[in-house]
Amino acid sequence: MTINRNKAVTWAIGAMVLLLLPVLLQTAGNFWVRIADTALLYVLLALGLNIVVGYAGLLDLGFVAFFAIGAYMYGLMASPHLSEAFPWFAQMFPNGLHTSVWLVIPLGAALAGFFGVLLGAPTLKLRGDYLAIVTLGFGEIIRVFLNNLDHPVNITNGPKGLGQIDSITLFKFDALGIPGINLARPLDIFGFTFNSVTLYYYLFLALVLLSVVICHRLELSRIGRAWMAIREDEIAAKAMGINTRNMKLLAFGMGATFGGVAGAMFAAFQGFVSPESFSLMESVMIVAMVVLGGIGHLPGVILGAVLLSALPEVLRWVSGVFDLQAVTGGRLDASILRQLLIALAMIIVMLLRPRGLWPTPEHGKSLQPAPK
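Source: prediction; values computed, not measured.

Visitor: Mind laying out the overall build of the chain, listing which residues take part and the relevant values?
Guide: Secondary structure assignment for the chain yields 15 helices and 4 strands. Against the 2.2 N^0.38 benchmark of 21 Å for 372 residues, the chain shows a C-alpha radius of gyration of 22 Å, consistent with a compact globule. Referenced to the eigenvectors of the C-alpha coordinate spread, the extents of the chain come out at roughly 75 × 55 × 50 Å. A buried classification covers 43% of the 372 residues belonging to the chain. For the chain, restricting intrachain contacts to residue pairs at least 6 apart in sequence, the fraction spanning at least 24 positions comes to 72%. When the accessible area of the chain is evaluated, it comes to approximately 19,800 Å², of which 69% is carbon and sulfur surface. If the 23 positive side-chain charges of the chain are averaged to one point and the 19 negative ones to another, these points end up 12 Å apart.

In structure tokens, the structure reads:
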């Protein structure tokens with residue numbers, strides 16, 4: 001009874017901290033709330049990649065491609081680009097599509113999931129380094145396509161990117177004359193003003209909590225146990241009757257859906273997307289978040305995503321306050337020095353905690369001596 005009560009108190013305190021965090025950060029400036037928003041988006045990406053890497057044991061270095069697919073899908077559906085590029089489209093939608101968020105989230109998940117299965121199909125017989133190379137190539141192919149699909153038919157606007165993307169509006173009902181809540185505008189409640197970045201924080205937090213529940217249920221389900229069996233020994237899993245082909249495709253598809261939703265939210269939050277936002281380094285950083293936090297362990301993955309996404313921005317503030325470039329005599333640019341500090345921190349952490357900052361308790365349990 002006491003354990004349940006302590007757990008309830010812990011959950012209540014954690015919920016209060018998450019709800020009050022943007023309000024407290026807002027007093028110090030929108031910069032800090034924006035860092036929290038970005039961290040939540042990376043948590044979504046890390047949770048998706050954890051399904052592929054942590055649960056199924058499939059090394060995916062092209063996960064940022066699904067992030068890009070979701071972002072460009074929302075950018076095309078919520079900007080005037082298609083109406084400006086195609087006259088026949090302008091006749092039907094003169095002002096462009098203005099898609100509801102309730103349609104965007106399922107569409108982003110479905111489209112990215114389709115491409116996830118499309119990536120997984122030719123890689124079913126690949127493992128380890130070979131699988132990593134193929135997925136890396138897939139991520140680069142998507143980025144190159146987005147960068148060059150501006151001629152002969154202008155679909156993605158090439159390196160110029162897509163701008164004028166609509167922000168998200170919640171609880172809008174045109175039939176009833178209810179304008180809804182536009183997250184791009186401040187909201188006044190009982191005399192307190194919630195800025196745009198704070199409103200986006202609560203939307204992203206709701207999506208993260210839903211994703212955590214889904215991942216947790218998947219981990220405990222028959223599908224999750226099948227993924228983990230494949231991760232530990234694929235031949236043994238196949239011998240036990242597990243359809244490894246379908247399970248792998250499901251892992252790629254399920255993981256990709258998280259990337260698609262995160263990409264759509266990123267496009268709405270930024271109001272602009274371009275191929276430069278989806279480089280190989282982004283994929284490497286997402287993999288590093290999963291590995292650094294603890295492969296296959298949801299709290300560890302969340303911790304790794306928050307740390308690695310927030311650390312560069314915190315160091316940006318530190319370099320501005322202490323003028324780190326002047327400390328080095330101008331030999332190192334502030335951005336280069338920031339990346340150097342991040343790399344050193346990652347190396348130190350992995351040397352001291354090779355299983356991650358918060359590894360799963362089940363990992364390596366068979367190697368521990370039995371209690372006497």
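So that's the structure; there's more coming.
Visitor: Outline the nonpolar core, listing residues and values.
Guide: Core analysis: the biggest nonpolar cluster contains 94 residues, and Tyr74, Ile168 and Met265 have the highest contact counts within it. Top element by residues in this core is helix α2 (residues 30-55). It accounts for 15 residues. Apart from the residues within four sequence positions on either side, Tyr74 is in contact with Val104, Ile165, Asp166, Ser167, Ile168, Ala264, Ala267 and Ala268.

Visitor: Requested: an account of a nonpolar patch on the surface, with residues and values cited.
Guide: Together, Leu340, Leu341, Leu344, Ile347, Ile348, Leu351 and Leu352 make up a nonpolar patch on the protein surface, roughly 690 Å² of accessible area in all. Tracing the backbone through its elements, the reader meets Leu341 in helix α15 (residues 334-352).

Visitor: Describe the environment of Asn154, and please don't skip the residues or the numbers.
Guide: Along the chain, the position of Asn154 falls in the loop between α7 (128-148) and β1 (169-170). Here the alpha-carbon distance between Asn154 and Glu84, two residues 70 residues apart in the chain, equals 9.8 Å. In contact with Asn154, other than residues within four places in its own chain, are His81, Ala85, Phe86 and Leu149. Only 2.8 Å separates the side chain of Asn154 from the backbone nitrogen of Asn157, close enough to count as a polar contact.

Visitor: Which residues make up the packing of aromatic side chains, and what are the values?
Guide: For the structure on display, the rule yields 18 aromatic pairs. Pairing Phe67 with Phe278 gives two aromatic rings, centres 5.4 Å apart and planes at 80 degrees, and the pair type is edge-to-face. Here Phe278 lies in the loop between α11 (244-270) and α12 (280-293) and Phe67 lies in helix α3 (residues 64-77), a separation of 211 residues in the sequence. Side by side, Phe67 and Phe278 carry an identical accessibility label, which is buried. Measuring from ring centre to ring centre gives 5.1 Å for Phe89 and Phe93, while their planes differ by 35 degrees; the resulting arrangement is tilted. In this structure an aromatic cluster arises from ring pairing among Phe67, Tyr72, Phe266 and Phe278.

Visitor: I'd like to hear about the environment of Phe67, residue by residue, with values.
Guide: Relative accessible area serves as the criterion here: at 5%, Phe67 is assigned to the buried category. Considering only alpha carbons, one finds Phe67 and Gly263, 196 residues apart in sequence, at a separation of 4.4 Å. Once residues within four sequence positions are removed from consideration, Phe67 is found in contact with Leu45, Gly259, Ala262, Gly263, Phe266 and Phe278.

Visitor: Now, about α7: what can you tell me, with residues and values included?
Guide: For α7, built from 21 residues, the straight-helix expectation of 30 Å at 1.5 Å per residue is met to within 8% by its first-to-last C-alpha distance of 31 Å. Taken together, the buried positions of α7 are Leu131, Ala132, Thr135, Phe138, Gly139, Ile142 and Leu146. What you see down the axis of α7 is that its buried residues fit within an arc of 125 degrees, all on one side. Away from its buried face by more than 90 degrees, α7 exposes Asp129, Tyr130 and Ile133.

Visitor: An account of the packing of helix α8 (residues 196-220) against helix α9 (residues 222-232) is requested, with residue identities and associated values reported.
Guide: Packing of α8 against α9 leaves a shortest axis separation of 4 Å and a crossing angle of 70 degrees. Here α8 is positioned roughly perpendicular relative to α9, judged by the angle of their axes. Contacts between α8 and α9 involve Leu218, Glu219 and Leu220 from the former and Arg222, Ile223, Gly224, Arg225, Trp227 and Met228 from the latter. The class makeup of the residues in the contact of α8 with α9 is 5 nonpolar, 1 polar and 3 charged.

Cut-offs and rules
Residues numbered from 1 in each chain as written. Predicted model: local features only at pLDDT ≥ 70, side-chain atom pairs only at ≥ 80, totals over all residues. Heavy atoms only, no water. Helix = DSSP H or I, 4+ residues; strand = E, 2+ residues; numbered from the N terminus. Rg over C-alpha atoms; globule rule 2.2 N^0.38 Å. Buried < 20%, exposed > 50% of the residue type's maximum accessible area, 1.4 Å probe, protein only. Contact = heavy atoms within 4.5 Å. Areas by Shrake-Rupley, 256 points an atom, 1.4 Å probe, with all protein chains shown as cover. Lys, Arg positive; Asp, Glu negative; His and termini not counted. Charge placed at Lys NZ, Arg CZ, Asp CG, Glu CD. Core = buried A, V, L, I, M, F, W, Y, C linked by side-chain atoms within 4.5 Å. Patch = residues over 30% accessible without salt bridge, like charges linked within 9 Å, V, L, I, M, F, W, Y side chains within 5 Å. Salt bridge = Lys/Arg side-chain N within 4 Å of Asp/Glu carboxyl O. Polar contact = N/O pair within 3.5 Å; in protein donor to acceptor, adjacent residues only side chain to side chain. Phe/Tyr/Trp six-rings, centres within 6.5 Å; stacked < 30°, edge-to-face > 60°. Expected span 1.5 Å × (residues − 1). Arc of directions from axis to C-beta. Axes fitted to C-alpha atoms, helices over the stretch in contact; angles between N-to-C directions. Parallel < 35°, antiparallel > 145°, perpendicular 65-115°, else oblique. Nonpolar A, V, L, I, M, F, W, Y, C, P; charged D, E, K, R; others polar.

In short, the description is geometric, and any link to function would need to be established separately.
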